[in-house]
Amino acid sequence: MSQSIEALARANVRALTPYQSARRLGGKGDVWLNANEYPVAVPFELSQQTLNRYPECQPTQVIERYAAYAGLLAEQVLVSRGADEGIELLMRAFCEPGKDAVLFCPPTYGMYSVSAETIGIEYRTVPTREGWQLDLSAIAAQLNGVKLVYLCSPNNPTGNLVNPDEIRQLLEMTRGNALVVADEAYIEFCPQASLTTWLKDYPHLVILRTLSKAFALAGLRCGFTLANKPVIDLLMKVIAPYPLSTPVADIAAQALSDHGIALMREHVAEILATRRLLIDALKTCDCVEQVFDSETNYVLARFTASSQVFKTLWDEGIILRDQNKQPGLAGCLRISIGTREECQRTIAALKTLPGTAAVSME
């Protein structure tokens, strides 16, 4: 009797719970505040018509422009299909399945665990302590056999920065034994906190970046890995032959031009102003227990009846991100910063819930 198709699959894949991305979760809304996207399309148009040719593995203009933007050398930059591919490339290059492990500190981004499970690498978790800061003593106790430590700062979904002094301690703790991978997907909203200048002092530091958030190009799927040349050289051995299509490279280069970077910074200023208004309005809602500070383009809040809030807004076409299953985030919903009008509509919907005070974002 022939085996079923599922039985042919690897055991770890059969047991895998895939990452539930915003689009995978679905919904029929018209106010999408669940994926940390910029809410308005940016005006870039394709200029390359050479689709009959394979693209460069690492498009020169994209690499050089991103290096200039980040204040690094071109040899310190690798571009990939989103930062998600960078997460996985590091595991493929540095971790042997069944032998090595990766470590991260929940609550945090879900792809660290999914990538490890997909490849068949052990992952270890050390929950953050109060304020979602690192528990360095607990991390130290778990480092044996760990090759990669993933650190998201600003952290998704909490929105906070990790204490830089603790990051330095972690880097000293792992020197010569593991890479520390700082996920800076949201760094444009707090550029002063970037670790790029630390690369000269820490050969085992790696930084992940993306064009999906502040650059408003989530649909482009373009990310960057920043590291010293020995790390980049190893990643180049395992990356796909043509990771970026010609249209992606075309738009990415435009986004990284002087005009594109200026446009991004205008968008960031707009998002930060709207975030302040949204936080202030949320704090006046009776159904909100706590609104957490944010250094990103989203806000995390704890609600007295989060399931009711989530469903009420879902039914009205306002799609938020439920964080109840994340460690320590019971009752929490994450709200992306949309347009001013979208955030006003969200607050208006919250006003309809029993016991919610009248609020305004004016």
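Per an unreviewed UniProt entry, the protein carries the name Histidinol-phosphate aminotransferase and comes from [Pantoea] beijingensis. Checking UniProt for the protein, the heading Sequence similarities (unreviewed entry) contains the comment "Belongs to the class-II pyridoxal-phosphate-dependent aminotransferase family. Histidinol-phosphate aminotransferase subfamily." UniProt's Subunit (unreviewed entry) comment on the protein is quoted here verbatim: "Homodimer."

**Examining the sheet that holds strand S10 (residues 298-303)**
Taken in spatial order, the four strands of this open sheet run S9-S10-S13-S12, and their pairing is antiparallel. In this open sheet, the two edge strands, each paired with only one partner strand, are strand S9 (288-291) and strand S12 (321-322). Across the sheet, helix H11 (residues 258-282) is in contact with S9, S10 and strand S13 (332-336); its angle to S10 comes to roughly 5 degrees. Of the strands in this sheet, S10, S12 and S13 are in contact with helix H12 (residues 306-315), which crosses S13 at around 35 degrees.

**Description of the UniProt feature "domain: Aminotransferase class I/classII large" (unreviewed entry) in the protein**
The UniProt entry lists residues 31-350 under the feature "domain: Aminotransferase class I/classII large" (unreviewed entry), expressed in the numbering used here. Secondary structure across residues 31-350 comprises 37% helix and 17% strand; the distance between its end C-alpha atoms is 14 Å.

**A few points about empty space enclosed by the protein**
Throughout the structure, instances matching the rule amount to three cavities of 30 Å³ or more. If you add up the space inside the largest cavity, you get close to 90 Å³. If one sorts the elements of the lining of the largest cavity by residue count, strand S5 (residues 146-152) sits on top with three residues.

**Comments concerning the UniProt feature "modified residue: N6-(pyridoxal phosphate)lysine" (unreviewed entry) in the protein**
Per the UniProt record, "modified residue: N6-(pyridoxal phosphate)lysine" (unreviewed entry) is found at Lys213. Relative to the elements of secondary structure, lysine 213 occurs in the loop between strand S7 (205-210) and strand S8 (223-226).

**Focus: the pattern of salt bridges**
For the structure shown, the criterion picks out twelve salt bridges. Ionic pairing is found between arginine 129 and glutamate 166, a salt bridge with its closest N-O pair at 1.9 Å. Of this pair, arginine 129 sits in the loop between strand S4 (122-125) and helix H7 (136-142) while glutamate 166 sits in helix H8 (residues 164-174), and the two are 37 residues apart along the sequence. When its relative accessible area of 39% is taken as the criterion, arginine 129 is described as partly exposed. A salt bridge links arginine 276 to aspartate 280; the shortest N-O distance between them is 3.0 Å. Linking arginine 276 with aspartate 280, this pair stays in helix H11, spanning four residues, or about one helical turn.

**A word on the nonpolar core**
Judged by nonpolar contacts, the single largest core of 87 residues is most densely connected at Leu211, Phe224 and Leu350. Here this core gets nine residues from one element, more than from any other, and that element is H11. Two domains each put at least three residues into this core: domain 1 (5-39 + 261-350) and domain 2 (60-256). Excluding its chain neighbours within four sequence positions, the residues that come into contact with phenylalanine 224 are Val62, Tyr66, Val77, Leu78, Val79, Ile207, Leu208, Arg209, Leu211 and Leu256. Met91, Val102, Tyr112 and Tyr150 belong to the second-largest nonpolar core, a separate cluster that totals 29 residues.

**A look at the domain arrangement of the protein**
Along its sequence, the protein is carved into domain 1 (5-39 + 261-350) and domain 2 (60-256). Of note, the centres of domain 1 and domain 2, computed from C-alpha atoms alone, are 23 Å apart. At the junction of the two partners, domain 1 supplies 30 residues and domain 2 supplies 31 residues. Across the domain 1 to domain 2 interface the summed buried area is about 2500 Å²; carbon plus sulfur atoms make up 63%. Where domain 1 touches domain 2, the interface holds zero salt bridges. Linking domain 1 with domain 2 are eleven residue pairs in polar contact (both at pLDDT 80 or more), by the criterion used here. For the side of domain 1 that touches domain 2, the secondary structure elements donating two or more residues are H11 and S10. Considering each element in turn, the side of domain 1 that touches domain 2 owes the most residues, seven residues, to H11. By residue class, the composition of the side of domain 1 that touches domain 2 is 15 nonpolar, nine polar and six charged.

Conventions used here
Residues numbered from 1 in each chain as written. Predicted model: local features only at pLDDT ≥ 70, side-chain atom pairs only at ≥ 80, totals over all residues. Heavy atoms only, no water. UniProt positions renumbered as here; feature names shortened; annotations may be inferred. Pairing = 2+ DSSP bridges. Helix = DSSP H or I, 4+ residues; strand = E, 2+ residues; numbered from the N terminus. Contact = heavy atoms within 4.5 Å. Axes fitted to C-alpha atoms, helices over the stretch in contact; angles between N-to-C directions. 1 Å grid on protein atoms, 1.4 Å probe; cavity = no way out; pocket = protein on both sides within 12 Å on 5 of 7 lines; lining within 4 Å. Points joined across faces, edges and corners; volume = space filled by probe spheres on them. Salt bridge = Lys/Arg side-chain N within 4 Å of Asp/Glu carboxyl O. Buried < 20%, exposed > 50% of the residue type's maximum accessible area, 1.4 Å probe, protein only. Core = buried A, V, L, I, M, F, W, Y, C linked by side-chain atoms within 4.5 Å. Domains from an automatic or database assignment. Buried area = accessible area lost by both parts, 1.4 Å probe. Polar contact = N/O pair within 3.5 Å; in protein donor to acceptor, adjacent residues only side chain to side chain. Nonpolar A, V, L, I, M, F, W, Y, C, P; charged D, E, K, R; others polar.

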